[in-house]
Amino acid sequence: MQKISPFLWFDNQAEEAVTFYTSVFRNSKVGKMTRYGEGGPGPAGSVMVAEFELEGLQFTALNGGPMFKFTEAISMSIDCKDQAEVDHFWHKLSEGGQPGQCGWLKDKFGLSWQVIPEALPRLLGDPDGARAARVMQAMLQMTKIDVARLEAAYAG
């Protein structure tokens, strides 16, 4: 059992979000869904709480109403092995959403994601400050991270 897990508050799209997220990540599964009964705060039969798993991480989604919205203060970060993975997650998660700067995006539910190739922290962490600075400047010009452009900036 996971000691700490993300708990996502939706207005009324929890089931749709669970279906969407589990379609984006290959290693995923839908867990238990608890539905509202008669006289509940939500429509009878609609999802109250849904459990799901993405890449081994347990999540809970709640249909709690419109009181709270997602902000960029919390985001999900995806470590990608290469450009193909970056492209896959960026395309899927930004569909109907909004691209941001430096590998960040908001999905169609307003949840923020960081789609980060393994090359980015490696190149930014280079002990050669000039190389790392060129990579930083290249990244600051990007929405979706482009590994080839990062490597070109690194090389000078």
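No experiment lies behind these values; they were computed from the predicted model shown.

J.: Could you give me a rundown of the sheet that holds strand 8 (residues 112-117), with the residues and numbers involved?
T.: In spatial order, the strands read 5-8-7-6; together these four strands make up an open sheet with mixed pairing. With one partner strand each, in any of the chains shown, strand 5 (75-80) and strand 6 (98-99) form the two edges of the open sheet. In the packing of helix 2 (residues 83-94) onto the sheet, contacts are made with strand 5, strand 6, strand 7 (104-106) and strand 8, and the angle to strand 5 comes to roughly 150°.

J.: Tell me about the pattern of salt bridges, and please be specific about residues and values.
T.: Going through the model one piece at a time under the given rule, you end up with four salt bridges. In this structure, Glu 15 engages Arg 35 in a salt bridge whose closest nitrogen and oxygen atoms are separated by 3.0 Å. Linking Glu 15 in helix 1 (residues 14-24) with Arg 35 in strand 2 (residues 28-35), this pair joins segments that are 20 residues apart in sequence. Residue classification places Glu 15 among the partly exposed positions, given a relative accessible area of 31%.

J.: Run through helix 4 (residues 129-139), naming residues and quoting values.
T.: Along helix 4, the positions that sit buried rather than exposed are Ala 132, Val 135, Ala 138 and Met 139. Along helix 4, the residues classed as buried sweep out an arc of 120° about the axis, all on the same side. In this structure, the buried side of helix 4 is in contact with helix 3 (119-124) and helix 5 (147-155). The N-cap of helix 4, judged by a side-chain oxygen 3.0 Å from the amide nitrogen of Ala 130 a few residues on, is Asp 128.

J.: Talk me through the packing of helix 1 against helix 2; I want residue IDs and the actual numbers.
T.: For any two helices packed against each other, the geometry is given by the interaxial angle and the distance between the axes. Running from N to C, helix 1 and helix 2 point in directions that differ by 160°, and their axes come no closer than 10 Å. Overall, the two elements helix 1 and helix 2 adopt an arrangement that is roughly antiparallel. Crossing of helix 1 against helix 2: the hand is right-handed. In this structure, helix 1 contributes Phe 20, Tyr 21 and Val 24 to the contact, and helix 2 contributes His 88, Phe 89, Lys 92 and Leu 93. Among the residues making up the contact of helix 1 with helix 2, the classes are represented as five nonpolar, one polar and one charged.

J.: Tell me what's going on with the sheet that holds strand 1 (residues 7-10), and back it up with residues and numbers.
T.: The strand order across the open sheet built from four strands is 1-4-3-2, with neighbouring strands paired in mixed fashion. The two strands at the open ends of the sheet, each matched to only one other strand, are strand 1 and strand 2. Direction aside, neighbouring strands of the sheet carry axes that sit 20° apart on average. By the bridge criterion, four bridges tie strand 1 to strand 4 (residues 57-63) in an arrangement that is parallel. Within strand 4, the position partnered with Trp 9 by the bridge is Leu 62.

J.: Talk me through the packing of aromatic side chains; I want residue IDs and the actual numbers.
T.: Tallied over the entire structure, the rule returns 11 aromatic pairs. Each ring, one from Phe 10 and one from Phe 109, has its centre 5.8 Å from the other, and the planes form 90°; the classification is edge-to-face. You can see Phe 10 sitting in strand 1 and its partner Phe 109 sitting in the loop between strand 7 and strand 8, a full 99 residues away along the chain. The same class applies to Phe 10 as to Phe 109, namely buried.

What counts as what
- Residues numbered from 1 in each chain as written.
- Predicted model: local features only at pLDDT ≥ 70, side-chain atom pairs only at ≥ 80, totals over all residues.
- Heavy atoms only, no water.
- Pairing = 2+ DSSP bridges.
- Helix = DSSP H or I, 4+ residues; strand = E, 2+ residues; numbered from the N terminus.
- Contact = heavy atoms within 4.5 Å.
- Axes fitted to C-alpha atoms, helices over the stretch in contact; angles between N-to-C directions.
- Salt bridge = Lys/Arg side-chain N within 4 Å of Asp/Glu carboxyl O.
- Buried < 20%, exposed > 50% of the residue type's maximum accessible area, 1.4 Å probe, protein only.
- Arc of directions from axis to C-beta.
- Polar contact = N/O pair within 3.5 Å; in protein donor to acceptor, adjacent residues only side chain to side chain.
- Parallel < 35°, antiparallel > 145°, perpendicular 65-115°, else oblique.
- Left-handed = near helix turned anticlockwise from the far one by under 90°.
- Nonpolar A, V, L, I, M, F, W, Y, C, P; charged D, E, K, R; others polar.
- Phe/Tyr/Trp six-rings, centres within 6.5 Å; stacked < 30°, edge-to-face > 60°.

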